[in-house]
Structure formats: C-alpha cells, structure tokens
Amino acid sequence: MTIAVFPGSFDPITRGHLDVVRRARRFADEVVVAIANNAGKATLLSIETRLELAREAVQHLSGVRVEAVPGLLVEFCRAADADLIVKGLRGGADYDAEMPMALMNRHLSGIETVFVIGDPALAHIASSLVRDVARNSGDIEDLVPPGVAPAVYRALGSARTTRE
Ligand code: PNS
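The structure displayed is predicted, hence computed values, not measured ones.

Caption draft 1: Summary view of the site of the ligand. As a structural note, the neighbourhood of the ligand is formed by 14 residues, with Ser9, Asn37, Asn38, Lys41 and Leu73 the closest of them. Interatomic distance of 2.5 Å between a side-chain N/O atom of Ser9 and an oxygen atom of the ligand. Between the ligand and Asn38 there is a distance of 2.9 Å, counted from an oxygen atom to a side-chain nitrogen or oxygen. Out of a free accessible area of 540 Å², the ligand has 80% covered by protein chains. Among the secondary structure elements, those contributing two or more residues to the shell around the ligand are strand E1 (3-8) and helix H4 (92-109). Element by element, the count of residues in the shell around the ligand is highest for H4, at three residues. In terms of residue class, the shell around the ligand is built from six nonpolar, six polar and two charged.

Here is the structure:
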C-alpha cells in the first residue's frame, strides 16, 4: 500500500490542488492532504477553516484524507507511515521553490518527493492569486472547489459572498 503525503498551506485549497490529488491517486493507494504552516507566510484562513474547506473539497474522492501538520513535515510523514511526498509543478518557478524543500526533507529523513505536472489549463491558479483576486472583489468561483469562495470572501470581510 503506497501512501503519499501532499503538503501545503492550502490557503485556500484550489482546483489546481484537487488536480494534483487526483493525479497522485493514480499511483498512491492513499493520499494525505497535509495542511502545514509555511514559516514565510501569514495565512488568511485559520487552520480550522483550511481543514474544513479541504475536507469538504475531497469528500467525494476515495482514498483521500486531510490532516493538519503540527510541526515538521518529515515527522508527520514518519507518523503517517508515508512512502513519499507529492507536489504539483505548474512551471519553473514552482520547481525553484520546491527543489530546496525536497532536498531538505530528504536530508532530514530520506523521504523522496515526487513531482506531478498539473493540468496546464489550471496553471494560472495559485492560492496567493486567488486571495488577491478576492481581496479586490473579483470572481474566484471558477478557481476553487464549491463552498470555498464564500469562506474566502468572509475571511476578507468582503461584502461579496459569491458570484454576482
Ligand atoms: O503551499 P506552500 O506554502 O508552498 O507549502 C509549504 C509547506 C507548508 C509544505 C512547507 O512550508 C512545510 O513543509 N512546512 C512544515 C514545516 C517544515 O517541515 N518545514 C521544513 C520544510 S523543508
């Protein structure tokens, strides 16, 4: 049984993340969406909200669960008995950001990171851009799974709640 851990901030979960989860399920029996804190980023959504939105987004997928990462990702992977870490790449900038993390995680525990190339039709979708569009009252409905947009607008204190 192959267990893949898909870590990230998921602030919020996007359709791009779901694409990676689906692709990972083709080679892993179980995919654990692992919601962690990135020391370099303050999140818009609380860990509780990020967990709730991600759980709702994957509920229709078998072999997928969502967990919080309380500390180091490699410790979480060890406790989850994970075989590998999976990450999605949209382009070269992702590769540059992911490479040192993959090397550090392998240095710390020997775990390998497997990269999947996401659907190019979703390559423009990043949580940071989703937050920016929403912050400026733009429409994010097509970028995120159902139920996510209202939570993002609410967290921003926006008058907008959904598609207008
Ligand atoms: O979606 P992100 O913000 O690019 O994901 C980065 C994340 C959260 C996966 C990374 O910061 C992480 O693994 N944080 C947990 C703490 C940890 O293990 N840090 C060392 C990473 S090499």
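Caption draft 2: Looking closely at the nonpolar core. Among the nonpolar cores identified, the biggest contains 36 residues, and Phe6, Val33 and Ile140 are the most heavily contacted of them. Among the elements of the structure, E1, helix H1 (15-24), strand E2 (30-35), helix H2 (47-58), strand E3 (64-68), strand E4 (84-89), helix H5 (127-135) and helix H6 (148-155) are those that each provide at least two residues to this core. Ignoring sequence-local partners within four residues, the contact set of Phe6 consists of His17, Val20, Val21, Val31, Val32, Val33, Ala34, Val86, Lys87 and Gly88. Counting 14 residues, the second largest nonpolar core, distinct from the first, contains Ile3, Val32, Ala34 and Leu73.

Caption draft 3: Representation of H2 within the structure. Taking 1.5 Å as the rise per residue, H2 with 12 residues should run 16 Å; its terminal C-alpha atoms sit 17 Å apart, in good agreement. For H2, the set of buried residues is Arg50, Leu51, Leu53, Ala54, Ala57 and Val58. Close packing links the buried residues of H2 with H1, E2, E3 and H6.

Caption draft 4: Molecular detail of a nonpolar patch on the surface. A cluster of nonpolar side chains, namely Leu72, Met104 and Leu108, defines an oily patch on the protein surface of about 280 Å² accessible area. Within the element layout of this structure, Met104 appears in helix H4. The class for Met104 is partly exposed, based on a relative accessible area of 45%.

Caption draft 5: Spotlight on the sheet that holds strand E5 (residues 112-117). Overall, parallel pairing links the five strands, which are arranged E3-E2-E1-E4-E5 in an open sheet. Of all the strands in the sheet, the pair left with one neighbour each is E3 and E5. Put simply, the sheet's adjacent strands are angled 30 degrees from each other on average, direction ignored. Contacts from H2 reach E2 and E3 within the one sheet, and its direction differs from that of E3 by about 180 degrees.

Reading the values: the criteria
- Residues numbered from 1 in each chain as written.
- Predicted model: local features only at pLDDT ≥ 70, side-chain atom pairs only at ≥ 80, totals over all residues.
- Heavy atoms only, no water.
- Near = heavy atom within 4 Å.
- Polar contact = N/O pair within 3.5 Å; in protein donor to acceptor, adjacent residues only side chain to side chain.
- Areas by Shrake-Rupley, 256 points an atom, 1.4 Å probe, with all protein chains shown as cover.
- Helix = DSSP H or I, 4+ residues; strand = E, 2+ residues; numbered from the N terminus.
- Nonpolar A, V, L, I, M, F, W, Y, C, P; charged D, E, K, R; others polar.
- Core = buried A, V, L, I, M, F, W, Y, C linked by side-chain atoms within 4.5 Å.
- Buried < 20%, exposed > 50% of the residue type's maximum accessible area, 1.4 Å probe, protein only.
- Contact = heavy atoms within 4.5 Å.
- Expected span 1.5 Å × (residues − 1).
- Patch = residues over 30% accessible without salt bridge, like charges linked within 9 Å, V, L, I, M, F, W, Y side chains within 5 Å.
- Salt bridge = Lys/Arg side-chain N within 4 Å of Asp/Glu carboxyl O.
- Pairing = 2+ DSSP bridges.
- Axes fitted to C-alpha atoms, helices over the stretch in contact; angles between N-to-C directions.

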